[in-house]
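The chain contents come next:
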Amino acid sequence: PIAAFKKAIRQADTVLSQRFAEGRDIHQLIHERAWVTDQILQQAWARLPCAGDAGISLLAVGGYGRGELHPHSDIDLLILLRGDVEPYRDAIEAFLLLLWDIGLEVGQSVRSIEEGQKEAAADITVITNLMESRTLAGDEALRQDMMQAIDTSHMWTDAEFFRAKRAEQQARHAKFNDTEYNLEPNVKGSPGALRDIQTIGWITKRHFGLQNIADLTRFSILTEEEHRILLQGETFLWRLRFGLQLIADRNENRLLFDHQRALAQMLGYKDEGKRLGVELMMQQYYRTVLALAEITDVLLQYYDEAIIGSGTEDEIRP
């Protein structure tokens, strides 16, 4: 089975890399990579003697929980238990060893619902990952019980969650000197990059219960034009990140000088007179993240008023 799993993974990598080179829709490619990984994990899980037990389930969390995977993205898993881990310890170890043997690099945690509730209450990153969970194998009722245990009536009210996420964003931006114009920017963490879009999504999900940023247009919180800019920006950054990880052959999110020229060639940027293709790519990057930073700032200001300022009266002075 190890050889069969490895062959399936190699074939998937080859096909998806070829589709990327052909210019296929990046959203479809990222979801297809997650789908392939789902199949591998479900087949591996099915080999366990406890696979049909109602007391244990396998969940995808974080970005993988959203159904998004780049070539070397983290595959974050949660093995969720109804009670004590001891009856399942050997099976869990065998499952994780199999994943290691077939070459999947996963980040895993093993928790009961009660343990998950305690850790989520103490750590904003844990609850954020759990909010984006989905069941890969096992009883979906476990995940539903966990989601109920971590809702706003038990922990992280809308206001607390918003404040924590805003502080998290400010700390992240400070690492990049609070500017979009770094020479070797990070397509995931820099100001205006993918993490800012995800931050809006997390707050939207926690406060409004909406699963998609696009739903904000129905409530006139986001205009159609702003949503178009967000979607186009995300698409551009996803293509950069996908190609970057293919070139670096690892989970790389920094547009290092060593990779910029090769990435520009991969994405089809050509020299125009005295302007090099790599310069054109980087100019598009800076324009994109600047526009995304402006939109996310506006949305965060709105959320500040809607979440933090709700229930308070304005002091009006003539």
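Whatever comes next refers back to the structure up there.
What comes next is a walk through the structure. (Residues numbered from 1 in each chain as written. Predicted model: local features only at pLDDT ≥ 70, side-chain atom pairs only at ≥ 80, totals over all residues. Heavy atoms only, no water.)

Here we look at helix H5 (residues 113–122)
For H5, the complete set of buried residues consists of Ile-113, Gly-116 and Ala-120. Down the axis of H5, the sector holding all buried residues measures 60 degrees, keeping them to one side. Residues of H5 that are exposed and point more than 90 degrees away from the buried face comprise Lys-118 and Ala-122. As for H5, its buried residues are in contact with strand E2 (75–81), strand E3 (106–112), helix H6 (124–131) and helix H7 (140–149). (Buried < 20%, exposed > 50% of the residue type's maximum accessible area, 1.4 Å probe, protein only. Helix = DSSP H or I, 4+ residues; strand = E, 2+ residues; numbered from the N terminus. Arc of directions from axis to C-beta. Contact = heavy atoms within 4.5 Å.)

Considering the pairing of strand E1 (residues 56–60)
The side chains of a regular strand alternate, first on one face of the sheet and then on the other. With five of five residues buried, E1 is to be regarded as a mostly interior element. In E1, alternate side chains face the same way, and those of Ile-56, Leu-58 and Ala-60 on one face and Ser-57 and Leu-59 on the other are all buried. One ladder, built from five bridges, connects E1 with E2; its direction is antiparallel. Bridge assignment links Ala-60 to a residue of E2, and that residue is Leu-77. (Pairing = 2+ DSSP bridges.)

A closer look at unusual backbone geometry
Even without a glycine there, the phi angle at Trp-156 is positive, about 45 degrees. Within the secondary structure, Trp-156 is located in the loop between H7 and helix H8 (158–175). Classification of Trp-156 as buried rests on a relative accessible area of 17%. A positive phi angle is found at Asn-177, which is not glycine, with a value near 60 degrees. With respect to the element layout, Asn-177 can be found in the loop between H8 and helix H9 (194–208).

It is worth stressing that arrangement in space is one thing and function is another; only the former is reported here.
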